[in-house]
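The chain contents come next:
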Amino acid sequence: MENVHFSSGEGKEEVVNLYDKRSMENLPFSFGEGKEVGVRAGESQIVYGNKKNPYLFPIFAQNLLTKMATNKTFTMIKPEAVAAGHSGKIIDMIIASGFKINAMKLTKLSKERAGEFYEVHKERPFYGELVDYMSSGPVVAMALEKDNAVADFRKLIGATDPAEAAEGTIRKSFAKSKGENAVHGSDSDENAALEIAFHFAPNEILG
Ligand code: IDP
Ligand code: MG
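Each chain carries its own residue numbering, running from 1 in the direction its sequence is written. Just so you know, chain letters begin at A and ligand numbers begin at 1, following the order they were written in. Residues qualify for local features only when their pLDDT is at least 70, as the model is predicted, and side-chain atom pairs are given and counted only at 80 or more; totals for whole chains, interfaces and linings, by contrast, use all residues. Calculation of side-chain values draws on the structure's entire complement of heavy atoms; hydrogens and water are dropped beforehand.

Caption draft 1: Representation of the site of ligand 1 in the model. Around ligand 1 sit K78, H121, R124, F126, E129, L130, R154, T160, R171, K178, G179 and N181, and those are all the residues in its vicinity. Here a polar contact means two N or O atoms within 3.5 Å. Within protein one must be a hydrogen donor candidate and the other an acceptor candidate, and residues neighboring in sequence count only if both atoms are side-chain atoms. For ligand 1, an oxygen atom lies 3.0 Å from a polar atom in the side chain of R171. In the model, an oxygen atom of ligand 1 is placed 2.7 Å from a nitrogen or oxygen of the G179 main chain. In the complex, 82% of the free accessible area of ligand 1, which totals 530 Å², lies under the protein chains. Residues are classed as near a molecule or strand on a simple rule: at least one heavy atom within 4 Å of it. Accessible areas in this description were obtained via Shrake-Rupley with a 1.4 Å probe; residue shielding takes into account the shown protein chains only.

Caption draft 2: The arrangement of helix α9 (residues 189-199) in detail. Residues N191, A192, E195, I196, F198 and H199 constitute the buried set of α9. Considered in projection along α9, the buried side chains sweep an arc of 155 degrees and stay on one side of the axis. For α9, the exposed residues set more than 90 degrees away from the buried face come down to L194 and A197. Residue contacts are defined here by distance: any two heavy atoms, one from each residue, within 4.5 Å place the two residues in contact. Think of it this way: any DSSP run of H or I at least four residues long counts as a helix, any run of E at least two long counts as a strand, and we number them from the N terminus. Looking at the packing, one finds that the buried side of α9 touches β6 (72-77), β7 (100-107), α5 (111-117), β8 (139-145), α7 (149-157) and β9 (183-185). Here the term buried applies to any residue with accessible area under 20% of the maximum for its type, exposed to any over 50%, and partly exposed to those in between, with areas from a 1.4 Å probe on protein chains only. An arc is given here, and it is the one of the directions from the helix axis to the C-beta atoms.

Caption draft 3: The arrangement of the environment of E180 in detail. With respect to the element layout, E180 can be found in the loop between α8 (170-174) and β9. Placed 19 residues apart in sequence, E180 and D161 show a C-alpha to C-alpha distance of 9.1 Å. Setting aside residues up to four positions removed in sequence, E180 forms contacts with E80, Y133 and A175.

Caption draft 4: How the structure looks around the environment of D189. In this fold, D189 is placed in helix α9. For D189 and V150, which are 39 residues apart along the polypeptide, the C-alpha to C-alpha distance reads 6.5 Å.

Caption draft 5: A look at the side chain of S87. Note on placement: S87 falls in helix α4 (residues 87-96). Here S87 is in contact with I77, A81, V82 and V140, once residues within four sequence places are set aside.

Caption draft 6: Highlighting the nonpolar core. Residues I77, I90, I94, F99, M142, F153 and I170 are the most contacted members of the largest nonpolar core, which totals 20 residues. When residues of this core are traced back to their parent elements, those giving at least two are α3 (79-83), α4, β8, α7 and α8. Residue contacts for I77: discarding those within four places in its chain leaves V82, S87, I90, I91, V139, V140, M142, A182 and V183. Buried Ala, Val, Leu, Ile, Met, Phe, Trp, Tyr and Cys residues form a nonpolar core when they are joined through side-chain atoms within 4.5 Å.

Caption draft 7: Layout of the packing of aromatic side chains. When the centres of two rings from Phe, Tyr and Trp lie within 6.5 Å, Trp using its six-membered ring, the rings pair. Their planes under 30 degrees apart give stacked, over 60 give edge-to-face, and anything left gives tilted. Inspection of the entire model under this criterion finds four aromatic pairs. For the ring pair F99 and F153, a centre distance of 5.4 Å and an interplane angle of 90 degrees mean the geometry is edge-to-face. You can see F99 sitting in the loop between α4 and β7 and its partner F153 sitting in helix α7, a full 54 residues away along the chain. For the pair F99 and F153, one class covers both residues: buried. One cation-aromatic arrangement involves R113 over F198; the distance from NZ or CZ to the ring centre is 4.0 Å. Here, a charge over a ring means that NZ of Lys or CZ of Arg falls within 6 Å of the ring centre while also lying within 35 degrees of the ring normal.

Caption draft 8: Fine view of the sheet that holds β6. Spatially, four strands are ordered β7-β8-β6-β9 in an open sheet, and the strand pairing comes out antiparallel. Looking along the sheet, the strands with just one partner apiece sit at the ends: β7 and β9. Each adjacent strand pair in this sheet contributes to an overall mean axis angle of 15 degrees, direction not counted. Between any two strands, pairing holds if DSSP finds at least two bridges. Sheet topology places β6 next to β8; six bridges connect them, and they run antiparallel. Bridged to M76 within β8 is A141. The strands that α9 touches are β6, β7, β8 and β9; relative to β6, the one it contacts most, it runs at about 55 degrees. Note on geometry: axes are lines fitted to C-alpha atoms, helical ones only across the stretch in contact, with angles between N-to-C directions running from 0 to 180 degrees.

Pasting the structure below:
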């Protein structure tokens, strides 16, 4: 593997050999901490993974993936909202806001699956509580489509804590608390794609 020109995207640039552990560890910036974050390497490639396990990906394919995903998001109606009978009203609000439902299922997450889904939060103090709660009863999982889907859906659901959520949002209307907050919404195009693939097989996604 030849050396790659490696840029953090913040003006810092280094030339490193991806397979030389020392030079990777000495990079003056971190990347990919538990998440797939691409860092530009040269003109045509992006480095994914992290310092210990970097891998190259062609930029043209990455751009293609990003472009494809900007109109998709993923949501779950959470156990307390399903149990309270709010699913129909929440689905109505989603459709009335211009989202198309490409996939939908009523399902129950095991503790293990809930833990995997919320893995990014495993260092946070509420992780155990969140996993117990999300596996406590049925959820309604949906793959949604709309222009600017991720940002528009986050706007529709409102702030994590219903006390801070704007009037007319799903969480303001139906959430019980910061933890039991009625719905999940993906926070990025990349996570939307991962979350949709986590819950649905390709033949369950229409559109
Ligand atoms: P988000 O769902 O608005 O993106 P995140 O910060 O990603 O919020 O947290 C994921 C989920 O973890 C929240 O939707 C909520 O169910 C739960 N959660 C977040 N913060 C707290 C908290 O302080 N106490 C209990 N549960 C929380
Ligand atoms: Mg989140």
